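One-letter residues, chain by chain:
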Amino acid sequence: MNLDALNKVAEAMVAPSRGILAADESTGTIKKRFDAISVENTEDNRRDYRELMFRAKEAMQFISGVILYDETIWQSAKDGTPLVKLIEQAGSIPGIKVDEGTRQLAGAKPGELITKGLDGLDKRLPKYYEQGARFAKWRAVIDPTNVSYAGVLANAHALARYANLCQEFNIVPIVEPEVLMDADNDIDTTYAVTEWVLKEVFQQLYYLNVPLEGIVLKPNMIVPGKKAAKQASVDEVAEKTIRCLKACVPSAVPGIAYLSGGQSDELATAHLSRMNEIGGFPWKMTFSYGRALQAAPQKAWSGKAENVGKAQAAFLHRARMNGLASLGKWNPSLEKQAA
């Protein structure tokens, strides 16, 4: 393990005005996105769609790294250039999703999930490194309305095992414990469960000797569930998220790259910008968004070659908005400048 090299990559991933594009949807997940825009879910279409983003040079200025799915990291563009090379040429860092989805955790509550993928990970990581990946992602999923100590501990330990393995092979682990926002829980429940999960994750990282200078944390924001009767203001979300993370996350962590978790494009941007405007925390705070960066370009593209320019303009707009949010400089009036 070369901690200096890991730290250099981690710092670059959270560089000012830049954030991470999560383009790591599984084949099944991207099918849902393509169904919504009436595009056939073929390997070529998946490649063409991702290629248009990686070739959007202006937009990629705001993208520090790209999380890829296993299929994508081995693919080449139409002209034969490896997609990994396109990302590097755009000045971004290629990364790879290494978890293999979830399954029911035996002995826990029904519906409590554990993430799969540790078996054989030590064999996969060197190949990903050779292919150009310099960071990885592993997502643990926690339902705040259905949670037990067994579930929290098992997921925190798996995240720490994954992080330990990544660093062994000089790959920066994105540590992603996601407390879901799909239910009807209030914001205080999200806070309490997120605090519990983060404290356990950092305890397990400590036990497994994971140097925090060589990771990036990808947490949820403290928001109420989507179905909650009472939603929260941008100020409340920003203040509670900062408070929760300051109570749990050591200052040695270079940066925090939030997941959007199903928030609307604009709300995810507004929350991030408000947090950076408030400030007073030791880490850089940026974005690691999937749908909140991609929904607009996907719709603009709709599977048609003649729409590539339009899709790239939509991607540029969202990337620029979030780049500003990472500096605390976004405001709603800027949204009207969308192409």
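Residues numbered from 1 in each chain as written. Predicted model: local features only at pLDDT ≥ 70, side-chain atom pairs only at ≥ 80, totals over all residues. Heavy atoms only, no water.

*Asks:* Can you help me understand the overall build of the protein in this one?
*Replies:* Helix and strand content of the protein: 13 helices and ten strands. In terms of C-alpha radius of gyration, the protein reaches 19 Å, essentially the compact-globule figure of 20 Å for 339 residues. Dimensions of the protein, computed from the C-alpha atoms along their principal axes, are close to 50 × 45 × 40 Å. Out of the 339 residues belonging to the protein, those deemed buried represent 57%. Within the protein, counting contacts between residues at least 6 apart in sequence, those at least 24 apart form 78% of the total. On the protein, roughly 13600 Å² of surface is accessible, and the fraction owed to carbon and sulfur atoms is 50%. Taken as two groups, the 41 positive and 40 negative side-chain charges of the protein have centres that lie 2 Å from each other. (Helix = DSSP H or I, 4+ residues; strand = E, 2+ residues; numbered from the N terminus. Rg over C-alpha atoms; globule rule 2.2 N^0.38 Å. Buried < 20%, exposed > 50% of the residue type's maximum accessible area, 1.4 Å probe, protein only. Contact = heavy atoms within 4.5 Å. Areas by Shrake-Rupley, 256 points an atom, 1.4 Å probe, with all protein chains shown as cover. Lys, Arg positive; Asp, Glu negative; His and termini not counted. Charge placed at Lys NZ, Arg CZ, Asp CG, Glu CD.)

*Asks:* When you look at the nonpolar core in this model, what are you seeing that I'm missing?
*Replies:* If you look at soluble globular proteins, the nonpolar side chains tend to sit buried side by side. Judged by nonpolar contacts, the single largest core of 113 residues is most densely connected at Tyr162 and Val249. When residues in this core are grouped by element, the largest group, nine residues, is from helix α8 (residues 149-168). If we skip the residues at most four places from it in the chain, Val249 touches Leu198, Phe202, Leu217, Ile256 and Trp283. (Core = buried A, V, L, I, M, F, W, Y, C linked by side-chain atoms within 4.5 Å.)

*Asks:* It is not clear to me how the environment of Gly262 should be interpreted in this structure. Could you clarify?
*Replies:* Relative to the elements of secondary structure, Gly262 occurs in the loop between β9 (255-258) and α11 (265-278). Classification of Gly262 by relative accessible area gives partly exposed; the value is 38%. For the pair Gly262 and Met181, spaced 81 residues apart in the sequence, the C-alpha separation amounts to 7.5 Å. Setting aside residues up to four positions removed in sequence, Gly262 forms contacts with Met181, Lys226 and Arg291.

*Asks:* Could you clarify how one ought to interpret the state of the cysteines in this entry?
*Replies:* Here a disulfide denotes a covalent bond joining the sulfur atom of one cysteine to the sulfur atom of another. All chains considered together, the criterion is met by zero disulfides. Of all cysteine sulfurs in the structure, the one in Cys248 sits closest to Cys244, which takes part in no disulfide; the separation is 4.5 Å. (Disulfide = S-S within 2.5 Å.)

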